[in-house]
Amino acid sequence: MEFSEHIKTANVEDVVLRQPLHPPSRGTLCITGHHLLFSDREEGSSRQLLLLLRNIDAVEKRISGSSGTITIKCKDMRVLHLDIPGMEQCLNIAHSIETLSCLDGVAAMYPFFYRPSDLSLQNQWGLSSTEKYYSQMKELHNRWRLSSVNRDYSVCPSYPPAVIIPQNTDDDMLKKVAKFRQGGRFPALCYYHRKNGMVILRSSQPLTGANRKRCREDEHLLQAVIDGSDKGYIIDTRSSQQAQQARMTGGGFESKSSYSHWKRLHRQMERGKALQESLIKLVEACGDESHNMDRWLSKLENSKWLSHVQTALSTAGLLAECVERDGHSVLVHGSEGTDSTLLISTLAQLIMDPCCRTLEGFLALLEREWVQAGHPFQQRCAHFAYSHARLQQESPVFLLMLDCVWQLWRQFPLALGFSEALLLRLATEAYASDYGTFLCNSHQERCALGVTENTHCLFQALLRPTERDYYSNPLYEPTELAIWPSVHPQSLQLWRGFFLRWTQQARQLEEAQEEIRNMVIEWGKMALS
Amino acid sequence: MASPVSVYNSNALDTHISSTSRESLKMELLADVSLLPGEERITDKDIIYICPFSGAVKGKVLITNYRLYFKSSDSDVAVMLDVPLGTISRVEKMGGASSRGENSYGLDITCKDMRNLRFALKQEGHSRRDIFDLLFKHAFPLSHGLPLFAYLTQEKYEENGWNVYKPMEEFRRQGLPNNKWRITFINKNYELCDTYPTVLAVPFKSKEEDLRRVAAFRSRARIPVLSWIHRENQAVIVRCSQPLVGMSGKRNKDDERYLDMIREANDTTKLTIYDARPNVNAVANKATGGGYEGDEYQNAELIFLDIQNIHVMRESLKKLKDIVYPNVEESHWLSSLESTHWLEHVKLVLSGAIQVADKVSSGNSVVVHCSDGWDRTAQLTSLAMLMLDSHYRTLRGFQVLIEKEWISFGHKFASRIGHGDKNHADQDRSPIFVQFIDCVWQMTKQFPTAFEFNERLLLTILDHLYSCRFGTFLYNCESARDQHDVRSKTVSLWSLVNSKMDIYLNPFYTPESGRVLYPVASMRHLELWVTYYIRWNPRIRQQQQSPVEQRYKELLALRDEYLKKLEELQLSDSSPSSRLANSPTPNTPSSTSSTPSQQYTHLQTPL
């Protein structure tokens, strides 16, 4: 594709840029296929702004006389204003940004062009995989096996090629189970709890439909999971009413009669559009510049964002309780099994497993549970909360997960090996990135486009020695214990570091964190010298 | 998870009680309480504590002349309460001899620190009469002709906290007296103003007669005096009470000239007067003889800061208590919190102080008053000083700030808190000082490296605001303190704090002496101080404090080691390192490590 056809005006002189935390500056604006570039004209200063067009969520233009102002609202919550001389230039620029910021073709996106000098495409891509996880968990081997039934993605398009399933379930059975689960997402192991040998599996809903269809293979597979123990739990991320209703559209749930050893727990988690609307309300409240902020807390409450955080954390807590305290295996699913399912399995693993709380461990967890497990990033993160485009499949599930992790981080300041900066970075990268990690909707799509061959891996980049310090928690003190979050509304806070990111206050706190990190590192060095 | 034994025990108050092993607990419930020197047992009794979180708990209560102590006898539900009697605001009888229902007969105790306690007793034989009478008598000693515990304690500390604040020393630290400001002893016998301290700083040009004439025109003779002076630009913070303008709009030339002297001292064109009250309240005050500075004050501008009075603040905190104790509001937490308006009041106080600090740092002198100048005024001047002067952000400097702006200038602690007084409904009570500490806490959250002290200090201060174990917060003003020999007969809270400083230190403190802190006083950036207001609820607690404190202690040790090595390096290096040369000399030595610690802030770790 030619980007140039979308760029009628590539350069404009004498543009004034107004952005948070900086005084306005005058300079040259330049639009390329992937970036908006602004460079300061002032003598002696060389301030530049390089903005990935993909990061732009909404463009608003206001023409007055012979000049115009473009307001750019970014997916990282930045709001910029460009005063552009010349009406035509202004319209051209706005048009270019609008078009280029939401081009569909993944192969034309910036990660395929990004070639930093200190990274090589030959480097290993990714940190973890099902295979790797399986080979590390020796304890798994006598009861669980690695199946490559999905090597060509024909059994489940959104699963990776390798999956961990009970030893005595053969691939033919799996194919049948896949037909009984929405999108072919059959129950597969995602976590093994070393302390007691219990596991977490995730799947999509069973396709029981209105006439209560059964699938012997599915029942058999689940029976094999709990073989030798009295029961397992199924955490359904829908209310039982919603699960009932799903039967009308071909979905359903595991009935007591067919799965007698499984106990179903329903926890209604908001998903899809409702979550996106919640984000929109919250972002709107955060961006409200009016001085009359008397109603701030009500607005915050009305957005319901924090109550989604609460539900996610408490459902994850329930999952972890089933595994860690009650000593039972758990299957998690909602309907598609690509959103809230991943959200709570990720959080539960952080709560229970110290290995997931290191910097590498956390990134590997995200890679397994989100990237490889088929969270449709491209659909979910197509737009942030400013876009005027009609909502399609957007939903900030990944952002909600990061927010929940931040709550854990705040409640357990020593227990997590990574910093708030990492969470902020991930929140930004999920929506617009130089790296290929969050491209596409599934492993299959990434494979087809050659993402691993032609782009760089974010997770690898974050672990480079230069970045590692920055994304580590200087106060980290590993603990073997589970970290049970308090989920009372009083214990949850707005993630100001993200939602009020472009305020003086957030900047100051970021600087203070930086200072603390440097201090602790410096003390450590001196102590060793 | 934290051992439930410690859950109900406030952090600050447990330091002198030896820890108890569960074995000894079973043998003799109360044998292990270690009492303070001078503390005496009054009575003990089998009782049931109706715990709002774990239900009815059987155990034993011990009442001494200092505390109410409860320990459960059932080791499965290990509950302990350790409440200084000073914390108690009200004791009531619950139910009667004929009340039905389980545990319906007993005592209801309302505390000043955001909790209530409820005990049940057996209905037979008036079993609560003795304990009620004794508790009532000792919880409110002043209402029964008894001394406060601060006069009975025999505690000894290495350091004498009464020496923390010496007015003359503090003035000298600020660079006073100078050619514009003089120190006057006109109030040495509290003759000019009985609620002011003895040593005052006033414009150099003002004569003692001027002061007397101004005193006649200011409510309770609280004349405008200097609280703080900016070292570089010489702008000052002056505090006072409202002028006695009254309905007829009286004028006082001396007062007008006196304020102009304040302006002149700094050679600016305009003096800014901040009236902490809402405009309408200031107007209403004319009816009772008060008022505000009108146009007759040339070269002055008057700005109202819209902060509500003590009654509004008391009701607001009461509403907050209603939604956090015993049960926390779950379903509409944020809007319920909003409806208490507590954070909004905090915001207004902070933003008022920011305006004061900003004005002063831009070189303009300010006068701050409210009605009497001992509540809102103290909040504003002390917060502005905390923003402007990094010395007050050290552990000792903060003590000086409280001693100076609150204690010496007559914030009516006795009336606002009601130490030892049974009159729980007294309209004079108000959590003004709590609100100030809340504002300080908000600042420490916004500037995590700017304060030498940690949250524990703030909690300790608030606990002993009520406890009556130390003389620090007793009485309304210096004259009353002198009269009751507080400094010679009681122990200062700072004796306790400064004898065990390390637990109150923030390991990440980086002194930056010139820095003015401007917190953001926007609702979006304020938080409810959950670890204070909701600390009694075991479910709200976050990661148990002990590992965090332990880690901080290690970090402090690491920091000290680092500073020591840095010092050695500097000593061995004859030419001063250029990286370290630009650090300013601290105003005063504040902590053991302040000199070298001034410097590491400028070190940059290459990443």
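Rules behind the numbers
Residues numbered from 1 in each chain as written. Chains lettered and ligands numbered in written order. Predicted model: local features only at pLDDT ≥ 70, side-chain atom pairs only at ≥ 80, totals over all residues. Heavy atoms only, no water. Helix = DSSP H or I, 4+ residues; strand = E, 2+ residues; numbered from the N terminus. Rg over C-alpha atoms; globule rule 2.2 N^0.38 Å. Buried < 20%, exposed > 50% of the residue type's maximum accessible area, 1.4 Å probe, protein only. Areas by Shrake-Rupley, 256 points an atom, 1.4 Å probe, with all protein chains shown as cover. Lys, Arg positive; Asp, Glu negative; His and termini not counted. Charge placed at Lys NZ, Arg CZ, Asp CG, Glu CD. Pairing = 2+ DSSP bridges. Axes fitted to C-alpha atoms, helices over the stretch in contact; angles between N-to-C directions. Salt bridge = Lys/Arg side-chain N within 4 Å of Asp/Glu carboxyl O. Contact = heavy atoms within 4.5 Å. UniProt positions renumbered as here; feature names shortened; annotations may be inferred. Disulfide = S-S within 2.5 Å.

So, on to the overall build of chain A. Summing up its helical and strand segments, chain A has 19 helices and 14 strands in all. Its C-alpha atoms give chain A a radius of gyration of 24 Å, within 12% of the compact-globule value 24 Å for 529 residues. Reported as C-alpha extents along the three principal axes, the dimensions of chain A are approximately 75 × 60 × 55 Å. Within the span of chain A, comprising 529 residues, buried residues form 61% of the whole. About 20600 Å² of surface is accessible on chain A, with carbon and sulfur atoms providing 49% of the total. Treating the 57 positive side-chain charges of chain A as one cloud and the 60 negative ones as another, the clouds have centres 7 Å apart.

Residue and element names in this part refer to chain B. Taken in spatial order, the seven strands of this open sheet run β4-β3-β2-β1-β7-β6-β5, and their pairing is antiparallel. The open sheet has two edge strands with one neighbour each: β4 (80-84) and β5 (88-94). Across the sheet, the axes of successive neighbouring strands diverge by a mean angle of 30°, strand direction being ignored. The pairing of β5 with strand β6 (residues 106-111) spans six bridges and is antiparallel. Bridge pairing in β6 places M94 opposite G106.

Inspection of the entire model under this criterion finds 61 salt bridges over all chains. The partner of R295 of chain A in a salt bridge is E338 of chain B, and the shortest N-O contact between them spans 3.0 Å. On the criterion of chain membership, the pair formed by R295 of chain A in the loop between α6 (272-287) and α7 (296-303) and E338 of chain B in helix α9 (residues 333-340) is interchain, its members lying in two chains. Measuring nitrogen to oxygen at the nearest pair gives 2.7 Å for the salt bridge that ties R396 of chain B to E159 of chain B. In this pair, R396 of chain B sits in helix α12 (residues 395-408) while E159 of chain B sits in the loop between α3 (129-139) and α4 (167-173), placing the two residues 237 residues apart along the sequence. The class for E159 of chain B is partly exposed, based on a relative accessible area of 21%. Sharing partners across several salt bridges, the network here consists of D118, R425, E429, R464 and E467 of chain A.

Residues and elements named next belong to chain A. Sheet architecture is open: five strands sit in the order β10-β11-β14-β12-β13, paired in mixed fashion. Here the strands that pair on one side only, and so sit at the sheet edges, are β10 (188-193) and β13 (262-266). On average, each strand axis in the sheet is inclined to that of its neighbour by 20°, with strand direction left out of account. With respect to the sheet, helix α8 (residues 305-325) is in contact with β10, β11 (198-202), β12 (232-236), β13 and β14 (329-333), its orientation differing from that of β12 by roughly 175°.

Let us now look at the UniProt feature "active site" (unreviewed entry) in chain B. Residues and elements named next belong to chain B. Here the UniProt feature "active site" (unreviewed entry) sits at C370. Mapped onto the fold, C370 is located in the loop between β14 (366-369) and α11 (376-388). Residue C370 is classed as buried on the basis of its relative accessible area, which comes to 3%. In contact with C370, other than residues within four places in its own chain, are C240, S241, Q242, D275, A276, R277, D375, R376 and T377.

In a disulfide, the sulfur atoms of two cysteines are held together by a covalent bond. Inspection of every chain in the model, using the stated rule, returns zero disulfides over all chains. Of the cysteine sulfurs around C457 of chain A, a residue in no disulfide, the closest is that of C440 of chain A, at 14 Å. Take C457 of chain A: its relative accessible area is 5%, and that puts it in the buried class. Counting only cysteine sulfurs, C370 of chain B is the nearest neighbor of C240 of chain B, a cysteine outside any disulfide, at a range of 9.0 Å. By relative accessible area, C240 of chain B is classed as buried at 1%.

Looking now at the environment of K166 of chain B. Topologically, K166 of chain B is positioned in the loop between α3 and α4. Put simply, K166 of chain B and T490 of chain B are 324 residues apart on the chain and 18 Å apart in space, counted from C-alpha to C-alpha.

Turning our attention to unusual backbone geometry. Residues and elements named next belong to chain B. Cis geometry is found at the peptide bond from L176 to P177, where omega equals -5°. Structurally, P177 is set in the loop between α4 and β8 (181-184). A cis geometry characterises the amide bond from Y325 onward to P326, with omega recorded as 0°. Checked against the element boundaries, P326 lands in the loop between α8 (310-324) and α9. Residues other than glycine seldom take positive phi values, yet H341 does so here, at roughly 65°. When you line up the elements, H341 lands in the loop between α9 and α10 (342-361).

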